[in-house]
Amino acid sequence: MVILISTIGKTITTDEEGGAATISAIHPDIIQTHILTCLDGPSLASASSTCSQLNNLSSNEHLWNKICHSTWPSTNTTRVRHVISTFPNTSRSFFSDSFSTVTANTLHHRHHHHRTNLETTPEILSAVDLFHRKRLILSKVVETETVSGWFRCSPFRIDILDPKDSVETSMEYPRNDEECKNLEEELRLSWIVIDPRGKRAVNVSSGKPVSVHRHWLTGDVHVKFATVLHGGEKGSATEVTVCSLLVTLGGEMQVREVCFQVEDMDGINLNGRDSLGILQKALEGGRKRLRSEKEGKERFVEFMKRKIERKERKLRSERRLDMLCVGLAALSVAAFSTLFLS
Amino acid sequence: MAQEASSSTSSKTISLKTGDGEIFEIEASAAKQMKTVQRLIDDLGDDITIPLHNVFSKELPKIIEYYKKDITGEITKDFEAEFVKDLNDDEVKVLFLAANYLDANKLFEFLSQNIADRLESKSVEYVRKYFGVENDFTPEEESKLREERAWSFRGIKEDE
C-alpha cells in the first residue's frame, strides 16, 4: 500500500542520501509570512539584497508597512498613511528616510547658496512618538503650514500639545542626578518631519536624549533631544545648526510640552523661513545610521563646545576692537591737546 | 486526570522512526500537535511505528522535548530562551525545517522568530548562505542595491 503524504502549501525536496533540505526549498510564501515578517528594517533590507527571489518577496508593501507602523505608531493615521503611499517606493522609502539620522555635512550641496524655496514645501507634517522603557507614552501627528507671513517671520516652533493639554505617564520623578541619567537611558523620541509635496521624510530626533535635567525653580523635568546639522555658510552663525526637541514634564511626570525649534551657533532660534531652508536641506541629504547610541549626544556636546568657542572668539575680537577704539580715542585726545597747547 | 478510559489518545505513546533508523517515543497528545504525524497515524493506525524520512535522530529529541512541555502548558519565554540558547544558527535551521516537515505549528512559529532574531545584524553574504540562495544580481544591480541600503549601515564602515 502506498501512503501519500499530503503537504498542502509546502514543498519539500529531499536529498537522496537523506541530508537536510535547504530553506530555499520551502515555499516562498512561508518564508515571507514567517521569517521576513519578523525581521527588522535593516535586516529586511539585507535579505532583499541576497537574490532576486528574496528581493521580490522583501519588496512586499505589507512588510514595510508593518515595520513602519510598529516602529512609529504615529504613522498609522489616515493622513500619514496616505502621504506615505505617494512616496516613490511607498513604505520602504519612508522607512529608509526616517530610520537613520541625517549625515553630518549633509548640507553641502551642488547648489552652495541654497535659497529657501518656499513654494516647494507649503506644508510639513510632524509624526512624533515618545517611548519610555520601550513602551509608547505619546503618539501624535501635527500639520504645519509654511506659507503664511506669520510662519515665515516668527521664530520657528512646532508644539505637539496644546498649552492646556498634558499626557499622564507612570514615570517616577527623578530625585537626583543619577535618576536623571537613568531617564536618559529609558526615554526615546522619534520626530519625523514629512514633506508631503516633496515626498520625503527626515527624523530630526537624536533617538536618545542629549540631556535630562530638572529646572531649578519650577522642578519641571526638561528632556532635550537634538540633531546637529552642518554645512551652512562658513563663519556665519548658521554654519552649524541644531534641531532641538524639548520634552517638558511636570511634577507628576505628566508630559506638558513637546516642541521643536531650530537654533544657530549664537543660540538664536531661527525664524520660520530659515528653519524651513534648513529642513529642506536635511530632507534632501543622505542618511546614515549612528555608529552607536551615544553618538547623538556626542555630536550635541561638540556643538555646544563650538558654540562656546565661537562666543569666546567674538568676545576676544570685541575686546580687541574696544582696545583699538580706546587707543584711537587717546591718540586723538593727545593730538588735539598738543595742537591746542603748542 | 492523567488517565481517561474513554479517550483513546490521552495516555498512549506513539513510536516514531527517524530517517536514520532510530526510534523515539512520544505521547499521543503531543503527536497530535504535529499534523504530519497525526495524518500518518490516521492512515497507518497508532500501533505501528511511524516512519519520518526527513527527520533525524539529532533533531527529533529536541522537538519531542518542546512538545512534552507544550502539552503540560509549561512553555514560557524563559523555557524558549533556554531551548535555543546553546543551538548554533545551523542547528536552529535544521529544527526549523523539521518543524516545517512535521507541520508542527507552534514550534515553527517560535523558530521563525528566533531565526529572524539571529539574522538581525548579519551581513548579506551570511543571509545568502543561510537561506541557501545564489546571488543572481549583476555587479551593477548589486552596487545599486548597496547604495539603496546605505541608510542601514552603521557608521562609516559599511557592514559587509
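Brief notes about the environment of Ser337(A)
Residues and elements named next belong to chain A. Tracing the backbone shows Ser-337 in helix H10 (residues 295-341). Note on Ser-337: relative accessible area 32%, which makes it partly exposed. At 2.9 Å, the side chain of Ser-337 and the backbone oxygen of Ala-334 are in polar contact.

Structural notes on the layout of surface pockets
Residue and element names in this part refer to chain A. What the largest pocket holds in volume is close to 1200 Å³. Listing elements by their share of the lining of the largest pocket, those giving two or more residues are helix H2 (41-48), helix H4 (61-71), helix H6 (90-99), helix H8 (177-186) and strand S5 (187-195). In terms of residue class, the lining of the largest pocket is made up of eight nonpolar, twelve polar and eleven charged. Built from parts of two domains, the lining of the largest pocket gets at least three residues from each of domain 1 (2-59) and domain 2 (102-304).

Structural notes on helix H4 (residues 77-85) of chain B
Residues and elements named next belong to chain B. Restricting attention to buried positions, one finds in H4 the residues Phe-79, Glu-80, Phe-83 and Val-84. Axial view of H4: buried residues confined to an arc of 120 degrees, hence all on one face. Relative to its buried face, H4 has exposed residues pointing more than 90 degrees away, namely Lys-77, Asp-78 and Lys-85.

Structural notes on the packing of aromatic side chains
Applying the stated criterion across every chain, the model contains 21 aromatic pairs over all chains. Between Trp72(A) and Phe94(A), the aromatic rings sit 5.8 Å apart at their centres with planes inclined by 85 degrees, giving edge-to-face as the arrangement. With a gap of 22 residues between them, Trp72(A) in the loop between H4 and helix H5 (78-85) and Phe94(A) in helix H6 connect regions that are remote in the sequence. The two residues Trp72(A) and Phe94(A) agree in class, both being buried. With a centroid separation of 5.9 Å and 10 degrees between ring planes, the pair formed by Tyr66(B) and Phe110(B) is classed as stacked.

Considerations on empty space enclosed by the protein
Residues and elements named next belong to chain A. For the structure on display, the rule yields two cavities of 30 Å³ or more. What lines the second largest cavity is simply Thr-101, Ser-206, Ala-226, Thr-227, Val-228, Leu-290, Gly-296 and Arg-299. In terms of residue count, the dominant contributor to the lining of the second largest cavity is strand S8 (residues 221-229) (three residues). Classifying every residue of the lining of the second largest cavity by side-chain character gives three nonpolar, four polar and one charged.

A closer look at unusual backbone geometry
Residue and element names in this part refer to chain A. A positive phi is found at Arg-133, a non-glycine position, where the angle reads about 50 degrees. Here Arg-133 lies in the loop between strand S2 (123-132) and strand S3 (135-145). One non-glycine residue, Met-253, adopts positive backbone phi at about 60 degrees. Its place among the elements puts Met-253 in the loop between strand S9 (241-249) and strand S10 (255-263). Overall, Met-253 belongs to the buried group, its relative accessible area being 0%.

A word on a negative patch on the surface
A contiguous patch of negative charge, built from Glu134(B), Asp136(B), Glu140(B) and Glu141(B), is present on the exposed surface. Relative to the elements of secondary structure, Glu140(B) occurs in helix H8 (residues 139-148).

A few points about the packing of helix H3 (residues 60-71) of chain B against helix H6 (residues 105-118) of chain B
Residues and elements named next belong to chain B. Remark: H3 packs on H6, axes separated minimally by 10 Å, with the N-to-C direction vectors making an angle of 110 degrees. In terms of orientation, H3 and H6 fall into the roughly perpendicular class. The two elements H3 and H6 cross, and the hand of that crossing is right-handed. Residues Ile-63, Tyr-66, Tyr-67 and Asp-70 of H3 form the contact with H6, whose participating residues are Asn-105, Lys-106, Leu-107 and Phe-110. Within the contact of H3 with H6, the residues separate by chemical class into five nonpolar, one polar and two charged.

Concerning the confidence of the model for chain A
Residues and elements named next belong to chain A. Residue-level pLDDT values for chain A average 85, and 88% of them are 70 or greater. Overall, residues 1-20 carries pLDDT values under 50, and its contacts beyond four positions in sequence, including any with other chains, amount to 25 contacts. Ignoring residues within four places in sequence, the model shows residues 109-113, a span with pLDDT below 50, making two contacts including any to other chains.

Focus on the interface of chain B and chain A
With 42 residues of chain B at the interface, the matching set in chain A holds 43 residues. The interface formed by chain B and chain A contains zero salt bridges. Inspection of the chain B/chain A interface yields seven residue pairs in polar contact (both at pLDDT 80 or more). Only helix H2 (35-44), helix H5 (89-102), H6 and helix H7 (124-131) of chain B provide two or more residues apiece to the side of chain B that touches chain A. Among the residues forming the side of chain B that touches chain A, the class breakdown is 21 nonpolar, nine polar and twelve charged.

Remarks on the side chain of Ser98(A)
Residue and element names in this part refer to chain A. Mapped onto the fold, Ser-98 is located in helix H6. In this structure the side chain of Ser-98 is engaged in a polar contact, spanning 2.9 Å, whose partner is the backbone oxygen of Phe-94. Beyond its immediate stretch of four places on either side in the chain, Ser-98 contacts Trp-72, Ile-192, Ala-201 and Asn-203.

Notes on the environment of Arg214(A)
Residues and elements named next belong to chain A. Mapping Arg-214 onto the fold places it in strand S7 (residues 211-214). Note: C-alpha distance between Arg-214 and Thr-248 (34 residues apart in sequence) is 9.6 Å. Reaching out from Arg-214, the side chain makes a polar contact with the backbone oxygen of Arg-175 at a distance of 2.9 Å.

Thoughts on the pattern of salt bridges
Throughout the structure, instances matching the rule amount to 32 salt bridges over all chains. The partner of Asp220(A) in a salt bridge is Arg256(A), with the nearest N and O atoms 3.2 Å apart. Pair noted here: Asp220(A) is in the loop between S7 and S8 and Arg256(A) is in strand S10, with a separation of 36 residues, a long-range link. Using a relative accessible area of 10% as the deciding quantity, one classes Asp220(A) as buried. Owing to a relative accessible area of 36%, Arg256(A) belongs among the partly exposed residues under this scheme. In this structure, Lys69(B) and Glu74(B) form a salt bridge, with 2.8 Å as the shortest nitrogen-oxygen distance.

Procedures and definitions
The residue numbering used here restarts from 1 in each chain and proceeds along that chain's sequence as written. Both sets of labels track the order of writing: A upward for chains, 1 upward for ligands. Residues qualify for local features only when their pLDDT is at least 70, as the model is predicted, and side-chain atom pairs are given and counted only at 80 or more; totals for whole chains, interfaces and linings, by contrast, use all residues. To get the side-chain values, take all heavy atoms of the structure and skip hydrogens and water. Helix and strand assignments come from DSSP, with helices taken as H or I runs of at least 4 residues and strands as E runs of at least 2, each series counted from the N terminus. Using a 1.4 Å probe on the protein chains alone, a residue whose accessible area is under 20% of its type maximum counts as buried, one over 50% counts as exposed, and one in between counts as partly exposed. Any pair of nitrogen or oxygen atoms within 3.5 Å is treated as a polar contact; in protein, a donor-acceptor pairing is required on top of that, and neighbouring residues in sequence qualify only through side-chain atoms on both sides. Of the grid points, spaced at 1 Å and generated over the protein atoms alone, those admitting a 1.4 Å probe that cannot get out make up cavities, while open sets with protein on both sides within 12 Å along at least five of seven lines make up pockets; any residue with an atom within 4 Å of a point is treated as lining. Grid points are joined across faces, edges and corners, and a volume is the space filled by probe spheres set on the points. Note on residue categories: nonpolar means Ala, Val, Leu, Ile, Met, Phe, Trp, Tyr, Cys or Pro, charged means Asp, Glu, Lys or Arg, and polar means any other residue, Gly included. These domain limits were set by an automatic method or by a database of domain assignments. Arc definition: it is the arc formed by the directions from the helix axis to the C-beta atoms. Stacked, tilted and edge-to-face are the three classes applied to pairs of Phe, Tyr and Trp rings, where Trp contributes its six-membered ring and a pair requires centres within 6.5 Å; stacked means planes under 30 degrees apart, edge-to-face means over 60, and tilted covers the rest. The patches reported here contain residues having more than 30% relative accessible area and no salt bridge. Joining distances are 9 Å for like charges and 5 Å for nonpolar side chains (Val, Leu, Ile, Met, Phe, Trp, Tyr). Each accessible area value is a Shrake-Rupley result obtained with a 1.4 Å probe; residue values ignore everything except the protein chains displayed when judging cover. We count a salt bridge whenever a side-chain nitrogen from Lys or Arg sits within 4 Å of a carboxyl oxygen from Asp or Glu. Residues scored as charged are limited to Lys and Arg (positive) and Asp and Glu (negative), so that His and the chain ends carry no count. Working definition for charges: the position is that of NZ of Lys, CZ of Arg, CG of Asp or CD of Glu. Comment: axis = line fitted to C-alpha atoms, over the contacting stretch for helices; angle = value between 0 and 180 degrees taken between N-to-C directions. Note that the term roughly parallel is reserved for angles under 35 degrees, roughly antiparallel for angles over 145, roughly perpendicular for angles of 65 to 115, and oblique for everything else. By the definition used in this description, the sense in which the near helix is turned from the far one sets the handedness, with an anticlockwise turn below a right angle giving left-handed and a clockwise turn giving right-handed. It only takes one pair of heavy atoms within 4.5 Å for two residues to be counted as in contact. The score called pLDDT rates the predictor's confidence residue by residue, from a low of 0 to a high of 100.

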